[in-house]
Amino acid sequence: MAAIFSVETQLAVERFLYRQAEIVDDREWDAWLALFAEDGKYWMPATADQEVADGQPNIFYEDLFLMEMRIKRVCHPYAHSQAPTQRLSRVVSNVIIESEDGATGDIVVRSKFHLVEYRLDDQRYFGGKYRHHLKQTDDGYRIQLQRVDIANVEGPFGYVLQTWL
Amino acid sequence: MPDGQEVHYGDYVQDDRVHKAVYADQAVYESELDNIFHKKWIYIGHESQVPNPGDYWTTWVGKERMIMSRGSDGAVHVLYNRCPHRGSLICNNEHGNAGKAFRCAYHAWQFYMDGSVRQVPMKQGYDGVIDYKDPQFSMVRAERQGNYRGFIFASLSTEGEDLETYLGQGARAAFDDICNRSPQGEAEIVANCFRIIQHSNWKIFLENQLDAVHPSITHHSTGDAAAAMQKKYKDKTGDDAPMGYQFLADFTLPFEKWDSLQTVGFPNGHTQLTGYMGLRPRDPVTLAHEAALTDAYGAERMDEILSTNVHHVIVYPCLSVQPPLQQLRAVRPLGPNKTLTEIWHFRLKGAPDGIYERALAYYYHVNSPSTMVNADDLNNFRAIQEGLAMVGGGDWVSLHRNAGQDTVDNGVTHSVTGMSEMPMRNMFAAWKQFMTEGN
């Protein structure tokens, strides 16, 4: 039987994940960067069974510097493939806390997402799972590592992913 | 009127412009498959993709579905992915290990990795009826298969130049330059294939790869963002930013730099862009690489190898290769307005780890499905294709930049500037030849 965590913890973690979804859908970029710990990473592996990110091909593997570069790029006036930009709408659900560190309050939590992306008369659909390593700070949770496994990870991509899923 | 039609295709290509039909017309596309993709040497894969007996990868040659497999004797085979019994695809997965034999999911006919019959179930039904050695009951092998330094090609025609002759000096340089950079003279593929669907004609991609005018314009946003973050990284950490930042910042080099590059056109459409990144800084990784190559080949040869600065090679009509970065993109046309690219990168056997990390960084930043570079190319390709598909609005595509200024020496064409549209003209000269020869 899986461990049971307090309602307060469950609620705080869910609220964090829902707020993250809203931030990336609505392109609140400063808020996005503030979600991550200083050495936090966003990782989308290139295969479903990939165990490590370093030294291997990945779809996304970004620290705060690379995330800020991506933000600068999509906000640049000459980013023509972002004019119009994509519109995103996602639902995050099935939030299951895997562990809570009794001393630090750090959390490992997995969840599922469904996401539609619309751009230039074309709608794409993504689904997959998140696995967050959250660090407890005085100012709430920060993402140490977010792993994103999309269902179509090995499939051909119709066009590329310009911001984080 | 087949004769009249062939003349027509030739007329689509003039010295300094091409007709839009070459990109958007279904009949032209079908003829390209017949005359180019089903006749010329097409890249299948690298032999290290199938290291063990029973390993296979599938891919496309024009409309044909092909398998590259490794037999128990170590031989690599290229087969049509078709069961000789009732015609089903044999391999439904992109890659895997078939064990001792391919097994058709429909009636369990089994075939060795070279395509010959291993076993047929309930074979009493065939006793006295068929001879299993009759080739019509084997999986069909590619009409011709060739291997250049580990890179496997197939031609679906029994006629024509052999592989090395077809590649010539211009295209062989792509593979030589990768392999020579290894102290063991060999490259090894990393078994990860990023696949991107382009909503555009296959030629648009090849042309773009050697188009030195577009980077600073198309990729302006990414170059600026990378340069800004390169500075911020240094300010904040005191260290130089990782090399990947420079790869991206390089996309907005000043036009004088692009102008100083060379493009070289070879027979059969193979074309090179030389110069550009250099990739020989005085960092510890490069110095270790130099030492490893010196041990293997001597200082003089090491210098010769690392001074080779072929940034990009089009192996016409099927590959874009960046040898110093160990990148390869294979082009698989799926329709006049739809193209699959299969994107790979390589390790150099015996080279320092840092050399692989450099290739991996380029693979990530430029070639992965999250790339900030090809995002803009793909947006252009789609817009180009949609513009070219119109009936009105003009019939021709201009390739006039520095037209009439190329110099030809012994069949090799040199441009007067890196920004010349000579690469496109050189590829179309081969296109015209292939589409009209033998008719």
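Use the structure listed above.
Fair warning: this is a prediction, and the values are worked out from it, not measured in the lab. (Residues numbered from 1 in each chain as written. Chains lettered and ligands numbered in written order. Predicted model: local features only at pLDDT ≥ 70, side-chain atom pairs only at ≥ 80, totals over all residues.)

Draft legend 1. Focus on the overall build of chain B. Counting secondary structure elements, chain B contains 14 helices and 22 strands. The C-alpha radius of gyration of chain B comes to 23 Å, within 12% of the 22 Å expected for a compact globule of 439 residues. Taken along the three principal axes of its C-alpha coordinates, chain B extends 80 × 55 × 40 Å. With 439 residues in all, chain B has 48% of them scored as buried. Restricting the contact set of chain B to residue pairs at least 6 apart, pairs at least 24 apart contribute 66%. (Helix = DSSP H or I, 4+ residues; strand = E, 2+ residues; numbered from the N terminus. Rg over C-alpha atoms; globule rule 2.2 N^0.38 Å. Buried ≥ 20, exposed ≤ 12 C-beta atoms within 10 Å, placed from the backbone. Contact = placed C-beta atoms within 7 Å.)

Draft legend 2. Geometry of the interface of chain A and chain B. Between chain A and chain B, the contact holds 24 residues from the first and 28 residues from the second. Among the secondary structure elements, those contributing two or more residues to the side of chain A that touches chain B are β2 (58-62) and α3 (64-75) of chain A. The biggest single contributor to the side of chain A that touches chain B is α3 of chain A, with 6 residues. Its residues assigned to classes, the side of chain A that touches chain B shows 14 nonpolar, 6 polar and 4 charged. (Nonpolar A, V, L, I, M, F, W, Y, C, P; charged D, E, K, R; others polar.)

Draft legend 3. Region of the structure containing the sheet that holds strand β5 (residues 122-137) of chain A. Residue and element names in this part refer to chain A. The mixed open sheet is built from 6 strands, whose spatial order is β2-β1-β6-β5-β4-β3. Since the sheet does not close on itself, it has two edges, and those belong to β2 and β3 (87-100), each with one partner. When the angles between neighbouring strand axes are averaged without regard to direction, this sheet yields 15 degrees. Where strand β1 (residues 36-45) and strand β6 (residues 140-150) come together, 4 bridges link them in parallel fashion. Paired with K41 across the strands is L145, a residue of β6. α3 contacts β1 and β2 of the sheet and is inclined by roughly 75 degrees relative to β1. (Pairing = 2+ DSSP bridges. Axes fitted to C-alpha atoms, helices over the stretch in contact; angles between N-to-C directions.)

Draft legend 4. Region of the structure containing the packing of helix α10 (residues 284-297) of chain B against helix α11 (residues 299-307) of chain B. Residue and element names in this part refer to chain B. Look at α10 against α11: their axes get within 7 Å of each other, and the N-to-C directions meet at 130 degrees. Our classification of the angle between α10 and α11 gives oblique. Here the hand of the crossing between α10 and α11 comes out right-handed. For the pair α10 and α11, the contacting residues are E290, L293, T294 and Y297 in the first and A299, R301, M302, I305 and L306 in the second. Taken together, the residues of the contact of α10 with α11 sort by class into 6 nonpolar, 1 polar and 2 charged. (Parallel < 35°, antiparallel > 145°, perpendicular 65-115°, else oblique. Left-handed = near helix turned anticlockwise from the far one by under 90°.)

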